[in-house]
Amino acid sequence: MSLLKRIPQGGGQQGGGGGQNAGQPPRPGAGGPPANQDAEARRRQAEAAARQKQGMEREKVRKPGDNYGDLKSRIQAKLMAELDPSLDISSRPNEVREEISRLFNSILVEESMILNKAEKDRLYDAIVADILGFGPLDALLSDDSVTEIMVNGPKMIFIEQKGHPSLSGITFESDEHVMRVIDRIVAPLGRRVDESSPLVDARLPDGSRVHVVIRPIALCGPTVTIRKFPKYRLQIEDLIRYGSMSAEVAEFLRASVISALNLVVSGGTGSGKTTLLNVLSGFIPNDERIITVENAAELQLQQEHVVPLESRPANIEGKGQVSIQDLVIACLRMRPDRIVVGECRGGEALDMLQAMNTGHDGSLTTLHANSPRDAISRLEVMCLMAGMDLPVRAIREQVASAIECIVQQSRLRDGSRKILAVTEVQGMEGEMITMSDIFEFEQTGMEKNKIIGRIRPTGIRPKFVQKIEDAGIPLPASVFGLGSGRK
């Protein structure tokens, strides 16, 4: 035993003749690895070498330090240099897409770039989105569940779904990447955004509202807020189904619009004012001439005789500005049956009231306010912004005689959008404007973080019901929560 312990494994290999098994491969079970294990080890080494070689080739192709953004920028720059400048991207997108696909594949072959199918498809889609669309925002714009997109610099993009904001996980490459998308949005509208004019309102081709703020005003980088318009135009039945209003309120508003009452839709930011204005404008008879005035055209009226007007900011020389107030004054000379102002936010409110008081009944507008009473106060302030030295009582008399009904819209804590009140402007008593609620929202509880309640009639029959009935639209007393008799 002691001699065996001194002999190393494979002993005959050290001496000239030393042992029976000298120079022979070990038997299975004896010292040394089996033959099948040797083959497995060689196979693994070969695979590792192949992976290493492939990785080196890929690093060689992408260059040291290349990441996805660098690779995309390099290919996109070369593709744009080779793309025919005579191609009209806006009017012939399919032709441009085919040319991009051909050049993209050609560049990959020329550069000997090694990309798997997933990487290739991702890279191609991103480049096409940058050239033909709005870059990383395309995926969010095509998602119907996203109602608002908020870009806070290149790396923070928030979205709103079902009334609740969250981080999207999608990013831009840099500030310059965001600016390229911004330019693609504002350029077709004849607008500009730069350091001398860092704020701009715009819209997308589908009517979605866009607001842009860039450096040096926005410290976190280019900031873009997009209020998306649904592809499907909401109808009054949809708002009833969503619980935004009741059938009685819908019937009352329909009768009010057809009978040419002057209505104001008030509410906070994101409360659904423009959506409700779109729905209400759908009740205007098709044979009437409608002129819309907006800062950025969002209304989607379906009537045949519609003249949309859009304000214009000053050019780079500070000239050429056309304000909402200018457009309201101009549209009075265009023989309108109805005037629809997308939003009153300044001195145009006085011209709007003047129009309502001089035969342009049935006008519609929206404004920011937290309640019907606040809406009246805001109208007074906006009239003072027109620059005329008018006494407050004169302004209040104009408001009281022009506005007949205020519809208060709100976004509640659970993200739902509802009508909270429908209020009649009754007139003046002394120095005050008197008002009364025709419908009001009553909250009855909370269930799974969802507000439970309904908008109910108060039992008050408004004074202007006679005007509605004179238009041939009888409203049953039950709409106002009354019995067969009238109050």
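Rules used in this analysis
Residues numbered from 1 in each chain as written. Predicted model: local features only at pLDDT ≥ 70, side-chain atom pairs only at ≥ 80, totals over all residues. Heavy atoms only, no water. Salt bridge = Lys/Arg side-chain N within 4 Å of Asp/Glu carboxyl O. Helix = DSSP H or I, 4+ residues; strand = E, 2+ residues; numbered from the N terminus. Buried < 20%, exposed > 50% of the residue type's maximum accessible area, 1.4 Å probe, protein only. Contact = heavy atoms within 4.5 Å. Core = buried A, V, L, I, M, F, W, Y, C linked by side-chain atoms within 4.5 Å.

J.: Teacher, can you tell me more about the pattern of salt bridges here?
T.: Pairs can form between side chains of opposite charge once their charged atoms are near each other. Inspection of the entire model under this criterion finds 18 salt bridges. In this structure, R215 engages D175 in a salt bridge whose closest nitrogen and oxygen atoms are separated by 3.0 Å. One end of the pair, R215, is in the loop between β5 (209-213) and β6 (223-227); the other, D175, is in helix α7 (residues 175-186), with 40 residues separating them in the sequence. Note on R215: relative accessible area 39%, which makes it partly exposed.

J.: It is not clear to me how the environment of E380 should be interpreted in this structure. Could you clarify?
T.: For E380, the position within the fold is in helix α13 (residues 372-384). Residues E380 and R396 lie 16 residues apart in sequence; the distance between their C-alpha atoms is 6.8 Å. Ignoring anything within four residues of it in the chain, the contact list for E380 reads V392, I395, R396 and I433.

J.: Looking at this structure, how should I read the nonpolar core?
T.: Soluble globular proteins tend to bury their nonpolar side chains together. M245, F252 and I419 are the most contacted members of the largest nonpolar core, which has 43 residues in total. The dominant element in this core, judged by the number of residues it contributes, is helix α9 (residues 247-258), at 6 residues. M245 has contacts with I236, L239, I240, A250, L253, L276, I419 and I455, leaving out every residue within four places of it along the chain. Counting residues in each nonpolar core, the second largest holds 33 residues, with I324, I339, L353 and M435 among its members.

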